[in-house]
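These are the residues of each chain, in order.
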Amino acid sequence: MAASNNTNLAHQQPAIYWDSVTSTSFVGGKLHVKQLVIATSPASCQLLRHCCPAQQAAGVVMLPEQAQGPGIILPSPADKVCFMYLVNDQTGQPSQPNALNQQNGSSSIDKSVFQLTLSASAAAKQRDCSLLVFCQVPLQPDRAISWIRGLLTVVEAQHVLVLASLPAFSYRGPDDPSEEALHYVVQTAAAKQQSKDKHQIPSLPSGSLITGLAAAAIQHAEVRRQGATALIGVEARPAPDLASLTQLAQYTEQVLKTHGSAFMQGDSLLKAAKHAEKTMSSAATNSFMYV
Amino acid sequence: MHFFPAGNAPCEFAGAKLLLPGVTSANVGQLAIDLIISTLHLPCVGQLETSCLLPCAGIGAFDHLSQRVSLSLELFECPVAQGPPVFVLQQRAPAARGCQRKYAEELARWISEAVFAEVVLIASLDANLRQDRQIAGQQINYVSSGSAAAVCQELGWEQLEGGLMAALGQQQSLLPPWTLIEAFQHRSITYTCVLAFAAEGNNAPDAMRVADAVNQYLHLLIQQQPQPNGKHHASKGVMSLPPPWLAPLSWKYVYGPASSRGFY
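Residues numbered from 1 in each chain as written. Chains lettered and ligands numbered in written order. Predicted model: local features only at pLDDT ≥ 70, side-chain atom pairs only at ≥ 80, totals over all residues. Heavy atoms only, no water.

## Examining the interface of chain B and chain A
Interface size is commonly expressed as the accessible area that is lost once the parts come together.
Step number 1: Across the contact, 33 residues belong to chain B and 35 residues belong to chain A.
Step number 2: Between chain B and chain A, roughly 2,800 Å² of surface is buried when both sides are summed, and carbon and sulfur atoms account for 57% of that area.
Step number 3: Among the residues of chain B in contact with chain A, Pro55, Ile59 and Tyr253 of chain B are the three that bury the most area, contributing 23% of the side total.
Step number 4: Taken together, chain B and chain A are joined by three salt bridges. (Contact = heavy atoms within 4.5 Å. Buried area = accessible area lost by both parts, 1.4 Å probe. Salt bridge = Lys/Arg side-chain N within 4 Å of Asp/Glu carboxyl O.)

## Describing the confidence of the model for chain A
Residue and element names in this part refer to chain A.
Step number 1: Of the residues in chain A, 72% have a pLDDT of 70 or more, and the chain-wide mean is 77.
Step number 2: Ranking the helices and strands of chain A by mean pLDDT puts helix α8 (residues 212–223) first, with 96, and helix α4 (residues 99–104) last, with 32.
Step number 3: Counting interchain partners and residues more than four positions distant, the pLDDT-below-50 stretch residues 97–124 has 43 contacts. (pLDDT = per-residue confidence, 0-100. Helix = DSSP H or I, 4+ residues; strand = E, 2+ residues; numbered from the N terminus.)

## So, the packing of helix α3 (residues 42–51) of chain A against helix α9 (residues 242–258) of chain A
Residues and elements named next belong to chain A.
Step number 1: Closest axis-to-axis distance for the α3/α9 pair is 11 Å, and the angle between their directions is 65 degrees. Judged by the angle between their axes, α3 and α9 are roughly perpendicular. Our pair here, α3 against α9, has a crossing hand that is right-handed. Along the contact surface, α3 presents Ala43, Ser44 and Leu47, while α9 presents Leu245, Leu248 and Ala249.
Step number 2: Taken together, the residues that form the contact of α3 with α9 break down as five nonpolar, one polar and no charged. (Axes fitted to C-alpha atoms, helices over the stretch in contact; angles between N-to-C directions. Parallel < 35°, antiparallel > 145°, perpendicular 65-115°, else oblique. Left-handed = near helix turned anticlockwise from the far one by under 90°. Nonpolar A, V, L, I, M, F, W, Y, C, P; charged D, E, K, R; others polar.)

Rendered as structure tokens:
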């Protein structure tokens, strides 16, 4: 019975909820975006959060077994659900103006995720948008395939980018992760053909394997000849340093640029890396203060 | 379980043999498959997708496929001297929690629908399970469903003792290779299971031994690679193995990078 229950749970897809505005722009039952960026590591979540400060979630991804709080007031890094944000593919700004604020003339943020209104013309611009998914909840490896499948059933992207991490003890390669920041890329054959220019990011050394959401996304895309890239950071310490975060930011910008997106670039990258480093190092310090 | 061919042409499996590993202690089956693919430069003909295995991905597992993404379950084709080709399935990831039996059933169904003539399953058993008379001598045992028993005995293999098989089948009924054997029996699939006793550690020698045995059974045409300078070729820096075996590129850093010269 226990094994049967585990099997049933492993194959259960996540529940995905969209705000009323985003759901109106579905075509053929799918949301069409240029890039789907999934941040799965704490470093990438913090970096994207600081790079693209979007305040209004377009939707949430929630696994059935994850506990839900008394009500979603405002998305927060502490929530046990994965929030999704739509950003303009070129500017990185939120793609949905806050129509309620405009109507009320108020600068306050609407507290309800699911009560946004938007003009029809703005909805049509979804195709120039990228969808950022913050998978801030640690995911069991056996849930990764159903999670990815559930998301890719309702989101169609020209390219999928997954930002993930690899623990140093799983790394097999010529370099020393304790001495330098290491980031590698795993690309499907279709992604290599799609990219206009070649980036300079090294490929994952032979012998190292990625698992979890990044592997599930690559697997899903490779067999279907779709474009997907996993950008993997080798983690050798509890909190990444500024060099590692800066390299992650620069490599993410390179990958996005080779697929025609420009919402992460310029001075904002270094600032975002510094903010992320400050946030993560204080969180790591606090976690060690109390045993 | 769904098969995605690598090229545009469909694969013909009917009447062919399938070689596949069982994910068992010491991973000898998977290592032996890696050796066979690397030595024979087998082309990848497709991937199988199932939600029963944990996802994994890497790049460049083999010299001749250095830019290709490797996934959890991949199929390679090996031409043989006579008859239909042998297809080699490499499994890189274990089954997800609670999915061993379901995976075995899915795989058996796919094999049955593809009408493979025979399945050769290679796996390892913990060396601690050996009885006194098994400690010395040939470490290859077999379990077979049909007429292959005579061939196995000609090769000098010993049939796994009924008592040991029953005991392991009961104690480890939810672990490979027993889940796979049970699924094959349920679907009346002709199979031969090649079992090697091995202790966890550096299992490259065990993998070579099993690969040698499989080569004798399936006649995979493994010969020493001829080289202009007369030396056996191996990729630079990859583990050096006795001929005819070529270690795959993915074994290069299995024990980590070389120590820094600054230490000495």
